[in-house]
Amino acid sequence: MRPTVVLLLSLAISNAFAAPARQQQTVLMQGKPAGGQTVDIAADGSTRVEYQFKDRGRGDHTKTRWSLDAAGLPIEFDAEGTTICRCRCMSVSA
């Protein structure tokens, strides 16, 4: 789960400044859709990411939200979802 969250954050943050209000990507497995990611950037600058990946009925599904200050440093981070083993996970900071 941790590598997934790190990947999501790095992808979303790297594109956050030049990104349109909504981005959608599809995860392909052997050329077929197996999941996806939606990145929404609100007018206040906060970012919401929903990621889902399924392989044979199992996979991650996470919803993450964060806000950055004027210097680009995180001031708020919330994440919740399920892991490939369907374990609930949650991280909240303010």
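Coordinates for the structure precede this section.
Calculation criteria
- Residues numbered from 1 in each chain as written.
- Predicted model: local features only at pLDDT ≥ 70, side-chain atom pairs only at ≥ 80, totals over all residues.
- Heavy atoms only, no water.
- Helix = DSSP H or I, 4+ residues; strand = E, 2+ residues; numbered from the N terminus.
- Buried < 20%, exposed > 50% of the residue type's maximum accessible area, 1.4 Å probe, protein only.
- Contact = heavy atoms within 4.5 Å.
- Polar contact = N/O pair within 3.5 Å; in protein donor to acceptor, adjacent residues only side chain to side chain.
- Pairing = 2+ DSSP bridges.
- Axes fitted to C-alpha atoms, helices over the stretch in contact; angles between N-to-C directions.
- Salt bridge = Lys/Arg side-chain N within 4 Å of Asp/Glu carboxyl O.

> Looking at this model, I keep getting lost on the environment of R65. Mind explaining?
Summarising the element assignment, R65 is placed in strand β4 (residues 61-68). The partly exposed category is assigned to R65, whose relative accessible area is 22%. For the pair formed by R65 and D40, sequence separation is 25 residues and the distance between their alpha carbons is 9.4 Å. Beyond its immediate sequence surroundings of up to four residues, R65 is in contact with T47, R48, E76, F77 and D78. A polar contact of 2.4 Å, which involves the side chain of R65, links it to the side chain of D78.

> Teacher, can you tell me more about the sheet that holds strand β5 (residues 74-82) here?
The strands making up a sheet associate through backbone hydrogen bonding, with each pair oriented either parallel or antiparallel. Spatially, 6 strands are ordered β1-β2-β3-β4-β5-β6 in an open sheet, and the strand pairing comes out antiparallel. Single-partner strands in this sheet number two, and they are β1 (22-29) and β6 (88-93). The average undirected angle you get between the axes of adjacent strands in this sheet is 10°.

> Whenever I open this one, the pattern of salt bridges confuses me. Can you help?
Under the definition given, this model contains 4 salt bridges. One salt bridge in this structure joins D40 and R22, with 2.6 Å as the shortest N-O distance. In this pair, D40 sits in strand β2 (residues 32-41) while R22 sits in strand β1, placing the two residues 18 residues apart along the sequence. Classification of D40 as partly exposed rests on a relative accessible area of 23%. With a relative accessible area of 48%, R22 lands in the partly exposed category. The salt bridge partner of R65 is D78, with a shortest N-O separation of 2.4 Å. With R65 in strand β4 and D78 in strand β5, the pair connects residues that are 13 residues apart, well separated along the chain. Judged by relative accessible area, D78 falls into the buried class, the value being 16%. Taken together, the shared-partner salt bridges connect R65, E76 and D78 into one network.

Interpretation in functional terms is not warranted from these geometric data alone.
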